[in-house]
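# Structural overview
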Amino acid sequence: MDNLFERDAEVILTWRVQARHLGGSTTQERINLKVGDRLDFGIPNASGEFQPRASPSIGTFEVSDQHLFFSNFTTSTTFVIENLEGGTELVKARPRQLGMVIPFEMSRILIPSSASIGELTVFTSPPRLLGPEMAATLTESAMSKLDTTTKYFAVLVALCEPRLRGSSMAAVPSVQEVVERLRGIEQFRDANRSSVNYHIDYLADQKLPVSQWAKYLNEGRMHSKREALVAFSLRFDLVREEHLALLPDVKLLRAQRCLEARQATKVATGAIS
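The next subject is the overall build of the protein. The number of helices and strands found in the protein is five helices and 11 strands. Among the 273 residues that make up the protein, the fraction classed as buried is 38%. Counted over contacts in the protein with a minimum sequence separation of 6, partners at least 24 positions apart contribute 51%. Carbon and sulfur atoms make up 52% of the accessible area of the protein, which amounts to about 16700 Å² in all.

Right, let's talk about helix α2 (residues 175-182) for a bit. Restricting attention to buried positions, one finds in α2 the residues Val175, Val178, Val179, Arg181 and Leu182. Down the axis of α2, the sector holding all buried residues measures 165°, keeping them to one side.

This brings us to unusual backbone geometry. The amide bond that connects Ser55 to the next residue, Pro56, takes the cis arrangement and shows omega of 5°. Although it is not a glycine, Arg53 adopts a positive phi angle of roughly 60°. For Arg53, the position within the fold is in the loop between β4 (51-52) and β5 (59-63). In this model, Asp237 sits at a positive phi of 55°, which is unusual for a non-glycine residue.

The next subject is the sheet that holds β5. Within a sheet, neighbouring strands are paired by backbone hydrogen bonds and run either parallel or antiparallel to one another. Strand order in the open sheet formed by five strands is β4-β3-β5-β6-β9, and the pairing between neighbours is antiparallel. Strand pairing shows two members of the sheet lacking a second neighbour, β4 and β9 (100-101), which therefore form its edges. Pairing analysis gives two bridges linking strand β6 (residues 68-72) to β9, with the strands arranged antiparallel. Opposite Phe70, over in β9, you have Met100 as the bridge partner.

Turning next to the pattern of salt bridges. Following the criterion strictly, the structure yields 13 salt bridges and no others. Lys225 is the partner of Asp201 in a salt bridge, and the nearest nitrogen-oxygen pair spans 3.1 Å. Of the two residues, Asp201 sits in helix α3 (residues 193-207) while Lys225 sits in helix α4 (residues 225-235), which places them 24 residues apart along the sequence. For Lys225, a relative accessible area of 28% gives the class partly exposed. Measuring nitrogen to oxygen at the nearest pair gives 2.8 Å for the salt bridge that ties Arg240 to Glu242.

Counting 34 residues, the largest nonpolar core has Val155, Leu156, Leu159, Leu182, Leu208 and Leu229 as its most contacted members. Secondary-structure elements contributing two or more residues to this core are α1 (151-164), α2, α3 and α4. Sorting elements by how many residues they give to this core places α1 first, with 10 residues. Sequence-distant contacts of Val155, that is, excluding residues within four places in its chain, are made with Val178, Leu182, Phe188, Val196, His199 and Ile200. Ile58, Phe79, Ala93 and Phe104 belong to the second largest nonpolar core, which has 26 residues in total.

Moving on, we get to the packing of aromatic side chains. Per the stated rule, a full pass over the model turns up eight aromatic pairs. Look at Phe41 and Phe50: their rings are 5.1 Å apart centre to centre, the planes differ by 35°, and that puts the pair in the tilted class. The same class applies to Phe41 as to Phe50, namely buried. Ring geometry for Phe41 against Phe61: centres 5.6 Å apart, planes inclined by 35°, an arrangement best described as tilted. Note that Phe41 is positioned in strand β3 (residues 38-42) and Phe61 in strand β5, a separation of 20 residues in sequence. Taking the relative accessible area as the measure of exposure, Phe61 reaches 0% and is therefore buried. Among the aromatic side chains, those forming a connected cluster through ring pairs are Trp15, Phe41, Phe50, Phe61, Phe70 and Phe79. Geometry around Phe188 places Lys151 over its ring, the cationic atom sitting 5.3 Å from the centre.

Turning our attention to α1. Here α1 spans 19 Å end to end across 14 residues, near enough to the 20 Å set by a 1.5 Å rise per residue. The sharpest bend along α1 comes to roughly 30°, located at Ala158, with the proline Pro162 sitting one to four residues further on. The element α1 is largely enclosed, with a buried count of 12 among its 14 residues. Along α1, the positions that sit buried rather than exposed are Tyr152, Phe153, Ala154, Val155, Leu156, Val157, Ala158, Leu159, Cys160, Glu161, Arg163 and Leu164. Between the side-chain oxygen of the N-cap and the backbone nitrogen of Phe153 there are 3.3 Å, and the N-cap of α1 in question is Thr150.

Our next topic: the packing of α1 against α4. For the pair α1 and α4, interaxial distance at closest approach is 9 Å and the crossing angle is 70°. Between α1 and α4, the interaxial angle falls into the category roughly perpendicular. Between α1 and α4 the crossing geometry is right-handed. Facing α1, whose interface residues are Leu156, Leu159, Cys160, Arg163 and Leu164, α4 presents Arg226, Glu227, Leu229, Val230, Ser233 and Leu234. Its residues placed into classes, the contact of α1 with α4 shows seven nonpolar, one polar and three charged.

Conventions and cut-offs
- Residues numbered from 1 in each chain as written.
- Predicted model: local features only at pLDDT ≥ 70, side-chain atom pairs only at ≥ 80, totals over all residues.
- Heavy atoms only, no water.
- Helix = DSSP H or I, 4+ residues; strand = E, 2+ residues; numbered from the N terminus.
- Buried < 20%, exposed > 50% of the residue type's maximum accessible area, 1.4 Å probe, protein only.
- Contact = heavy atoms within 4.5 Å.
- Areas by Shrake-Rupley, 256 points an atom, 1.4 Å probe, with all protein chains shown as cover.
- Arc of directions from axis to C-beta.
- Pairing = 2+ DSSP bridges.
- Salt bridge = Lys/Arg side-chain N within 4 Å of Asp/Glu carboxyl O.
- Core = buried A, V, L, I, M, F, W, Y, C linked by side-chain atoms within 4.5 Å.
- Phe/Tyr/Trp six-rings, centres within 6.5 Å; stacked < 30°, edge-to-face > 60°.
- Lys NZ or Arg CZ within 6 Å of the ring centre and 35° of its normal.
- Expected span 1.5 Å × (residues − 1).
- Bend = angle between axes of the 7 residues up to and from the residue.
- Polar contact = N/O pair within 3.5 Å; in protein donor to acceptor, adjacent residues only side chain to side chain.
- Axes fitted to C-alpha atoms, helices over the stretch in contact; angles between N-to-C directions.
- Parallel < 35°, antiparallel > 145°, perpendicular 65-115°, else oblique.
- Left-handed = near helix turned anticlockwise from the far one by under 90°.
- Nonpolar A, V, L, I, M, F, W, Y, C, P; charged D, E, K, R; others polar.

Remember, this is a structural readout, not a statement about activity or role.
Printed below as a string of structure tokens:
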């Protein structure tokens, strides 16, 4: 079987660096690693920022012909590796863990220090895919038949949007926030909390088997259906980054809201006068 990385492929590491002088801007720095390379790094107390080849080293990257390995040399600090494409997917590099395989094509590594949380972005080569003619075929399930042209799917995308845009800790939108987010779509011009709740109930009860994400908690309280739908959809790639194109452009939506607010103010002023 061919290697996952070609010999001339690169792993790209990028991070932000704050200029040392007062009021200095933030710049982006980058290192390219090839197969066989190793890079130790640290976070010096003086800067609190990621620094390649710093001493003492707190971790290392090693690129083999099949995997990107990551080691945590600290005694008590856990590093978090998030999937930039998966919304809520992450793995942990625990203290003293050696040779951990980074399983994501694009990832964000969060390294807490006494000053802040260092953030490092890692890009590896795209994964190899089996040819369509060789892929196994399974009977389609209900969740593989989600209709991306429907209103319920637009509601699902709006729920997943904050985590799809890069933050696994982002809060799931409220029903009212979904109503506001979708108002730029003609089908949702008259949407309200009741209509959006209808689509959420339909997704949870009819389209997606999310019961395992909606366990009962203490005092009989149930996890939010919205949280359950987001967790399930992102975990199984039912909603992906390309689906964000189904939502109204954020800048246009803000401009529209500003215009509506101005018109409302003029009407109110005219009514008062």
